[in-house]
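Structural overview for review
Residue-level listing of the chains:
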Amino acid sequence: MFAFRIIRRVISAIVLIIIVVPLFAFGKTWFAAHNPTVRSADLIIVLGAAQFDGRPSDVLAARLIEAERIYSLGLAKSIITVGGSAPGDRTTEAESGKHWLIAHGVKTSAVTAIPKGRDTLVSTQSYVAEMKGRKLHSVIIVTDPYHCLRAMTMANDLGATSACSPVRTGPNSLAQSNIRYLIRETGAYLAYITLGRRGIHVSDHLNQ
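What counts as what
Residues numbered from 1 in each chain as written. Predicted model: local features only at pLDDT ≥ 70, side-chain atom pairs only at ≥ 80, totals over all residues. Heavy atoms only, no water. 1 Å grid on protein atoms, 1.4 Å probe; cavity = no way out; pocket = protein on both sides within 12 Å on 5 of 7 lines; lining within 4 Å. Points joined across faces, edges and corners; volume = space filled by probe spheres on them. Helix = DSSP H or I, 4+ residues; strand = E, 2+ residues; numbered from the N terminus. Nonpolar A, V, L, I, M, F, W, Y, C, P; charged D, E, K, R; others polar. pLDDT = per-residue confidence, 0-100. Contact = heavy atoms within 4.5 Å. Polar contact = N/O pair within 3.5 Å; in protein donor to acceptor, adjacent residues only side chain to side chain. Patch = residues over 30% accessible without salt bridge, like charges linked within 9 Å, V, L, I, M, F, W, Y side chains within 5 Å. Areas by Shrake-Rupley, 256 points an atom, 1.4 Å probe, with all protein chains shown as cover. Salt bridge = Lys/Arg side-chain N within 4 Å of Asp/Glu carboxyl O. Buried < 20%, exposed > 50% of the residue type's maximum accessible area, 1.4 Å probe, protein only.

Of the volumes computed, that of the largest pocket is approximately 290 Å³. Taken together, 18 residues line the largest pocket, and the ones lying closest to its centre are Gly 48, Ala 49, Arg 63, Thr 120 and His 147. Counting only elements with at least two residues in the lining of the largest pocket, the list comes to α2 (58–72), α4 (120–134) and α6 (179–194). Partitioning the lining of the largest pocket into residue classes produces four nonpolar, six polar and eight charged.

The structure is reproduced here in structure tokens:
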């Protein structure tokens, strides 16, 4: 009887974890999207999205518009665009974003393109390495609202102090986004914190 009670409690605990943990992650992802805290930082990061022969997709354009907006407000003095290329591309997401920003009034000297990364983790590792080389510590990440939590978590794990300024327009803005995107990002966040962190030494890399 005692053993049965132990087994029942263990099963109950497992079921509770299976239910509670995803719900908690879902809530955190939603909250980060709806309650961004944007403050002054050393630089702005524009995470990459698709581009078409140098023309930003609607998703990338929305991120660039937001980056230009907060740059104009004086929240940071420089911008880094990040993102690689797909097979067959003649340019990269980062270069496409850089050219767009310069064409829309951002000083050439204020924009750096890092043409690396086809996923959030590699992109984050690439720009954090650049920050370390410049001895910079804080960053405003510009991306889609439901992507904010995962993007900030990765940056923080690598030693950056991050905030997120989510897009206000475009197909992935809160006005246009849907529950499927929120669920997908919740799953991606859970996958990262349970599995993705294994290859990262969580430490203050930027202060070494």
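That shown, we press on.
Moving on, we come to the confidence of the model for the chain. Should pLDDT be low for a region, the predicted coordinates there are not to be read in detail. The predicted model of the chain averages 89 in pLDDT, with 86% of residues at 70 or higher. Across residues 201–208, where pLDDT falls below 50, the model places 20 contacts with residues more than four positions away in sequence or in other chains.

Let us look at the side chain of Ser 123. Mapped onto the fold, Ser 123 is located in helix α4. In this structure the side chain of Ser 123 is engaged in a polar contact, spanning 3.0 Å, whose partner is the backbone oxygen of Asp 119. Once residues within four sequence positions are removed from consideration, Ser 123 is found in contact with Leu 47, Val 82, Lys 116, Gly 117 and Arg 118.

What follows covers a nonpolar patch on the surface. Together, Ile 19, Val 20 and Leu 23 give the surface a local cluster of nonpolar side chains, amounting to about 280 Å² of exposed area. Here Ile 19 shows up in helix α1 (residues 2–34). Overall, the relative accessible area of 47% leaves Ile 19 in the partly exposed class.

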